[in-house]
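Chain residues, written in single-letter form:
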Amino acid sequence: MEYRDHTLHCEDVPLADIARREGTPCYVYSSAGILEKFRAYDEAFGDAPHQVCYAVKANSNLAILKLLADAGAGFDIVSGGELFRVLKAGANPGNVIFSGVGKTEQELNYALEHKIKSFNCESEPELALIDSLAARRGLQARVAIRVNPDVDASTHPYISTGLREHKFGIDIAHAEAAYERAKSFQNIALEGVSCHIGSQILDIQPMQQVFEKMLALAKRLRARGLPILTLDLGGGLGVPYKPGDTAPGIREYIGTMCQSVSGHGLEILIEPGRSIVAEAGVLLTRVLYRKSNGAKQFVIVDAGMNDLIRPALYQSHHQIIPLRESTTGTMVADVVGPVCETGDFLARNREIAQALPGDYLAVCTAGAYGFVASSNYNARPRPPEILVEGGRYRVIRERETYDDLIRGETI
Ligand code: LLP
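The structure presented is a predicted model; accordingly, all values stated were derived computationally and were not measured.

K.L.:
How should the site of the ligand be read in this particular structure?
P.N.:
Residues in contact with the ligand amount to 17 residues; listed here are only the nearest, Ser199, Glu271, Arg274, Arg310 and Tyr369. At a separation of 3.4 Å, a nitrogen atom of the ligand approaches a polar side-chain atom of Asp76. At a separation of 2.8 Å, an oxygen atom of the ligand approaches a polar backbone atom of Gly273. Protein chains bury 90% of the 590 Å² of accessible surface belonging to the ligand in isolation. The cavity that encloses the ligand is the largest pocket. Grouping the constituent residues of the shell around the ligand by class yields 5 nonpolar, 6 polar and 6 charged. Structurally, the shell around the ligand is a two-domain feature, drawing no fewer than three residues from each of domain 1 (2–29 + 279–399) and domain 2 (99–272).

The following block contains the structure:
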């Protein structure tokens, strides 16, 4: 996204053209932006055996999954629905890993039927269930145990997952015993170890600690006779949301990872989501009204917390910039949506360019955990998604209609 002739462009398309033709609110993604990040990951591994399994939860639009599958990505899924999406996009299930703390029997069966690459198991009862379901099918399920390495990711408490107090994984202190017990399962091939300590991580240091702890665990398991082949080091690399934010580069991050763990005959798996799609996406919105309550200025826009919940849920910051670069100075305002909740804001007490009714704005860095976490709250149809490719764009998900809102309901 960049200004050319004072007009914000996504690749070669002026975003105002999309806003005018397709209406607002709408999500717009840059295909080149997404591919650039995926390739940065893939290439940074050099000769080290690896697979980049894009975390589908960050943005699961079929066109984006297809783009990544064609570029050679594997996928990290957390539900049967995400497997369905990945299959619909034409991806090879042999490159899919299944994470998540509460997989149902039906979801496990679906994944076994499609012979996915591996299950990241989060508890001993889940291991037992996979073993029995695989036995019924007469096959061996490839499994990694997700270990909780007890390392603090120093991120927002809702998206930190790697401490003992969190629901995720099996405590690293008990992991070896869990592997030992799991040796008795006949229909499980215990070939991997995995972890994921959180999301929006901006500091490599805790990650380095994780890499070292996980490699040490893999070595101890091998010494116990387990044929550990894969080391899944999760996702989590953060992106800059604010102008002053500094996020480690993908190449630096993978460089550190490879230095710590490559050369031990392990295939390295990673599950990045946000760092592949966040910066390639914006949410376009139009200013409906302005008003002031005493000293406070409000800019009321047509995108609400149902379209982008991150500010309300994590107090997250998204830059808000005009589609036409302004020359009329700035204002301090709350940028709020139409939903009947005080938490329905996109920015609070924010200095933004002067915005008048009818102006279009871009809510930046909205490609990850944006549309996927949208809802129909307040009976608001969800916005369309649009993919830009060079000088062209296409609608990759239509705007919902009022009929979509009541699909499946009866009186
Ligand atoms: N693998 C596992 C097991 C995960 O739980 C997650 C994210 C990822 C990979 C991908 O992490 P990433 O590379 O995207 O950081 N809705 C929140 C983020 C929730 C992340 C949940 N797990 C947000 O909007 O910030």
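Now that the structure is up, let's keep going.
K.L.:
Before we go on, may I ask you to explain the confidence of the model for the protein chain in this structure?
P.N.:
Predicted coordinates in areas of low pLDDT are best not read in detail. For the protein chain, the mean per-residue pLDDT works out to 96, and 100% of the residues sit at or above 70. Mean pLDDT in the protein chain bottoms out at strand S10 (residues 170–171), which sits at 90, and peaks at strand S4 (residues 26–30), which reaches 99.

K.L.:
What is the right way to look at the environment of Tyr241 in this model?
P.N.:
Within the fold, Tyr241 resides in the loop between strand S12 (230–232) and helix H9 (250–261). Note on Tyr241: relative accessible area 8%, which makes it buried. Remark: the alpha-carbon pair of Tyr241 and Gln200, spanning 41 residues in sequence, is separated by 10.0 Å. The residues touching Tyr241, leaving out its near neighbours within four places in the chain, are Gln200, Arg274, Ala278, Arg310, His317, His318, Gln319 and Thr365.

K.L.:
Where do I start with the sheet that holds strand S3 (residues 13–14) in this structure?
P.N.:
Pairing between the strands of a sheet is mediated by backbone hydrogen bonds and can be parallel or antiparallel. Pairing within the open sheet is antiparallel, and its 3 strands lie in the order S1-S2-S3. In the strand order of this sheet, the two ends are held by strand S1 (2–4) and S3, each with one partner. Across 3 bridges, S1 lies against strand S2 (residues 7–10) in antiparallel orientation. If you follow Arg4 over to S2, its bridge partner there is Thr7.

K.L.:
Is there a simple way to explain helix H3 (residues 62–70) in this structure?
P.N.:
Since the α-helix turns once every 3.6 residues, residues separated by three or four places project in the same direction. By the burial criterion, the buried members of H3 are Ala63, Ile64, Leu65, Leu67 and Leu68. At the N-terminal boundary of H3, the capping side chain belongs to Asn61, with an oxygen 2.8 Å from the backbone nitrogen of Ala63. Trailing H3 by a residue or two, Gly72 shows a phi angle of about 105°, which is positive.

K.L.:
Can you help me understand the layout of surface pockets in this one?
P.N.:
It is the rolling of a water-molecule-sized probe over the atoms that shows where space remains empty. By volume, the largest pocket is sized at about 580 Å³. At the level of elements, helix H10 (274–277) and helix H11 (310–314) are the ones that each hand at least two residues to the lining of the largest pocket. A per-class count over the lining of the largest pocket returns 10 nonpolar, 10 polar and 8 charged. Shared between two domains, the lining of the largest pocket takes at least three residues from each, and those domains are domain 1 (2–29 + 279–399) and domain 2 (99–272).

K.L.:
Would you explain the packing of helix H2 (residues 31–44) against H9 in this entry?
P.N.:
Axis angle and axis distance: for two packed helices, these are the angle between their axes and the distance between the axes, and together they describe the pair. Interhelical geometry of H2 versus H9 gives an angle of 25° and a closest axis separation of 9 Å. It follows that H2 is roughly parallel to H9 by the angle criterion. For the pair H2 and H9, the crossing hand works out as right-handed. Along its contact with H2, which presents Lys37, Ala40, Tyr41, Glu43 and Ala44, the element H9 presents Ile250, Arg251, Tyr253 and Ile254. Tallied by class, the residues present in the contact of H2 with H9 amount to 6 nonpolar, no polar and 3 charged.

K.L.:
Would you take a moment to explain the domain arrangement of the protein chain for this structure?
P.N.:
It is common to give the size of an interface as the accessible area lost on bringing the parts into contact. Under the domain assignment used here, the protein chain contains domain 1 (2–29 + 279–399) and domain 2 (99–272). Regarding the contact of domain 1 and domain 2, the summed buried area is about 840 Å², with carbon and sulfur atoms giving 60% of it. When the buried area of domain 1 at its contact with domain 2 is split by residue, Tyr314, His317 and Thr365 rank highest and sum to 50% of it. Taken together, domain 1 and domain 2 are joined by 0 salt bridges.

K.L.:
Just to check I follow, could you spell out the pairing of S4 for this structure?
P.N.:
Every regular strand shows the same layout, with side chains that alternate between the two sheet faces. Of all 5 residues in S4, 5 are buried, a share of seventy percent or more. Along S4, one buried face is formed by Cys26, Val28 and Ser30 and the opposite face, lined by Tyr27 and Tyr29, is buried too. Two strands pair when backbone bridges link them, and S4 and strand S14 (residues 281–293) are joined in this way by 4 bridges, in the antiparallel orientation. Note that in S14 the partner of Val28 across the bridge is Val282. Pairing geometry for S4 and strand S20 (residues 385–389), over 4 bridges, is parallel. Bridge pairing in S20 links Tyr29 to Leu387.

Conventions we followed
- Residues numbered from 1 in each chain as written.
- Predicted model: local features only at pLDDT ≥ 70, side-chain atom pairs only at ≥ 80, totals over all residues.
- Heavy atoms only, no water.
- Near = heavy atom within 4 Å.
- Polar contact = N/O pair within 3.5 Å; in protein donor to acceptor, adjacent residues only side chain to side chain.
- Areas by Shrake-Rupley, 256 points an atom, 1.4 Å probe, with all protein chains shown as cover.
- 1 Å grid on protein atoms, 1.4 Å probe; cavity = no way out; pocket = protein on both sides within 12 Å on 5 of 7 lines; lining within 4 Å.
- Sits in = over half its atoms within 2 Å of the grid points.
- Nonpolar A, V, L, I, M, F, W, Y, C, P; charged D, E, K, R; others polar.
- Domains from an automatic or database assignment.
- pLDDT = per-residue confidence, 0-100.
- Helix = DSSP H or I, 4+ residues; strand = E, 2+ residues; numbered from the N terminus.
- Buried < 20%, exposed > 50% of the residue type's maximum accessible area, 1.4 Å probe, protein only.
- Contact = heavy atoms within 4.5 Å.
- Pairing = 2+ DSSP bridges.
- Points joined across faces, edges and corners; volume = space filled by probe spheres on them.
- Axes fitted to C-alpha atoms, helices over the stretch in contact; angles between N-to-C directions.
- Parallel < 35°, antiparallel > 145°, perpendicular 65-115°, else oblique.
- Left-handed = near helix turned anticlockwise from the far one by under 90°.
- Buried area = accessible area lost by both parts, 1.4 Å probe.
- Salt bridge = Lys/Arg side-chain N within 4 Å of Asp/Glu carboxyl O.

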